[in-house]
Amino acid sequence: MKGLVDQMHLQPHREVFSQMSLGAVVIQKALSPDAVSTARERLEQDSFTPIFLAHRGRYAVRRHLDAPELLPALRRLASFVVDDRLSLLDACCLRLQRGDYALRRDDLATRPHVDGRVYELTADVSQGSSGEAQVVYTRGGSSFFVAPQLSGSVTIVERHASVERYDRYLNHAMRDRRVHRIRAWFARPNVEETEPPPFVHTRTQG
Amino acid sequence: MPGDGWVDEDRIGKALLASRLRRSKPFGHVVIDEAVPPDTCQRLVEAVAEEPAGRMVDEIYELLATEEPLSHPDLLAFQQALEAALRPGVEAAIEATAGPLQLRGYRFAEGHYLLPHADADGDAQRQLGVVVYLAASDDLVGGDLELFDTVPGPPVDPFDFARTMSAGAIAARPGRLVLLDVGPKCLHQVREVERGSRVSLSGWFRREETA
């Protein structure tokens, strides 16, 4: 896919990720401005579902996102950074505006619940960046990683069961700006993929 | 020091008797206006300003708060007087012995908020919430205390709900005292202050920990 950062630029992030006890990186300018606007325009072609549960969050969402070009590209990016072969579990797009938020309780209710290591990727396809609306990851109630709201950035965080996430409240300083976040979850496939054997004889009928 | 004019004990006592705190909707709460005289409010605002304080940011809030516990003599005297004035009514309402009242000073300035939460979540010692509004700037927009009605969700988590609906808001009026029940369904928030600022003292009657 065009507009996605190349592996040479991802290499430093891969090294940083590998050295962390709990991997978490923000890759700035992972998506070109054109890729960001194209993704956002496509997302806006379908309707978002408004969510309001005061104790969990307020936002609009498209669940079980199907983006046949972008998601495979993000899967390849995530696989490279975490240095593992990953498969897509699920994806959604959040749209937040002034007054919106998503708390840890919402994360608990909406994230995929699977055994094993899960990697959460957040691609920011907003029209602009702000000093607000950070994505905060916590462990044991304390934050250990804060991702800024940067258009074109991709954040990858290793999710253990003890890791929780919240999307910070967007206050009135956001004015009429909107934040668009594609959020995708990846994991190792259940069945290990292997290289084919050196000699494969394919029998065909007829 | 009850009787020294820190609070209007007569107004608080009568209101409490009539309040039926536990039967109000969407959950137990009482609003008592003019519970604290204007000159006392002003004196307490000055005391809050002299307390050590700092900006606090977390998942559900961004605000300015004084350190715990209170240390200014005026704040300590007020806390003691308010506790004494409230205790009979509070103990009748909660049908239990109330622990000490522990207040803290808060200043909500532009962009500050406290998102929806139930005070019981994470602190089982809290018995009853108390808010005293001391000052609100003339240009204040926001900063109301909003209460939510709830429809229960799955029974596995008493703090989760299938639906939540706004059930009205209480303005931050100086001198106003608000008592809030504590429980999983007692969902409330302080709406974002979009302009101006407001100062309050708030906290809880907290049952004393047993060894």
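Caption draft 1: Just the packing of helix 1 (residues 7-19) of chain A against helix 3 (residues 70-82) of chain A, in detail. Residue and element names in this part refer to chain A. Interhelical geometry of helix 1 versus helix 3 gives an angle of 50° and a closest axis separation of 7 Å. The angle between helix 1 and helix 3 places the two elements in the oblique class. Judged by residue contacts, Gln7, Leu10, Gln11, His13, Arg14 and Phe17 of helix 1 engage Leu77, Phe80, Val81 and Val82 from helix 3. Across the contact of helix 1 with helix 3, the residue classes tally to 6 nonpolar, 3 polar and 1 charged.

Caption draft 2: A look at the confidence of the model for chain B. A residue-level look at chain B finds 94% of positions with pLDDT of 70 or above and a mean pLDDT of 91. Prediction confidence for the complex, expressed as pTM and ipTM, is 0.91 and 0.91 respectively.

Caption draft 3: Summary view of the interface of chain A and chain B. Contact residues are listed per partner, giving 16 residues for chain A and 23 residues for chain B. Carbon and sulfur atoms make up 48% of the surface buried where chain A meets chain B, a total of about 1700 Å² over both sides. Here chain A and chain B share 3 salt bridges between them. Among the ionic pairs, Glu59 of chain B bridges to Arg104 of chain A, the shortest N-O distance being 2.8 Å. Connecting chain A to chain B are 12 residue pairs in polar contact (both at pLDDT 80 or more). Here the side of chain A that touches chain B is composed, by residue class, of 8 nonpolar, 3 polar and 5 charged.

Caption draft 4: Geometry of the pairing of strand 3 (residues 57-62) of chain A. Residues and elements named next belong to chain A. A large share of strand 3 lies buried, amounting to 5 of its 6 residues. Bridge analysis of strand 2 (residues 49-53) against strand 3 gives 5 bridges, and the strand direction is antiparallel. Its bridge partner being in strand 3, Phe52 is matched across the sheet by Arg58. Linking two consecutive strands that pair antiparallel, namely strand 2 and strand 3, is a turn of 3 residues. Strand direction decides the pairing type here: strand 3 and strand 5 (residues 101-102), joined by 2 bridges, are antiparallel.

Caption draft 5: Layout of the pairing of strand 9 (residues 177-181) of chain B. Residue and element names in this part refer to chain B. In terms of burial, strand 9 is largely enclosed, as 5 of its 5 residues are buried. Because side chains alternate across strand 9, one face comprises the buried residues Leu177, Leu179 and Asp181, and the other comprises Val178 and Leu180, equally buried. Of the strand pairs in this sheet, strand 1 (residues 29-32) and strand 9 are connected by 4 bridges, and their pairing is antiparallel. The residue bridging His29 from the neighbouring strand is Leu180, located in strand 9. Summarising the sheet, strand 6 (residues 126-136) and strand 9 pair through 5 bridges and their orientation is antiparallel. Looking across to strand 9, one finds that Val132 is bridged to Leu177.

Thresholds applied
Residues numbered from 1 in each chain as written. Chains lettered and ligands numbered in written order. Predicted model: local features only at pLDDT ≥ 70, side-chain atom pairs only at ≥ 80, totals over all residues. Heavy atoms only, no water. Axes fitted to C-alpha atoms, helices over the stretch in contact; angles between N-to-C directions. Helix = DSSP H or I, 4+ residues; strand = E, 2+ residues; numbered from the N terminus. Parallel < 35°, antiparallel > 145°, perpendicular 65-115°, else oblique. Contact = heavy atoms within 4.5 Å. Nonpolar A, V, L, I, M, F, W, Y, C, P; charged D, E, K, R; others polar. pLDDT = per-residue confidence, 0-100. Buried area = accessible area lost by both parts, 1.4 Å probe. Salt bridge = Lys/Arg side-chain N within 4 Å of Asp/Glu carboxyl O. Polar contact = N/O pair within 3.5 Å; in protein donor to acceptor, adjacent residues only side chain to side chain. Buried < 20%, exposed > 50% of the residue type's maximum accessible area, 1.4 Å probe, protein only. Pairing = 2+ DSSP bridges.

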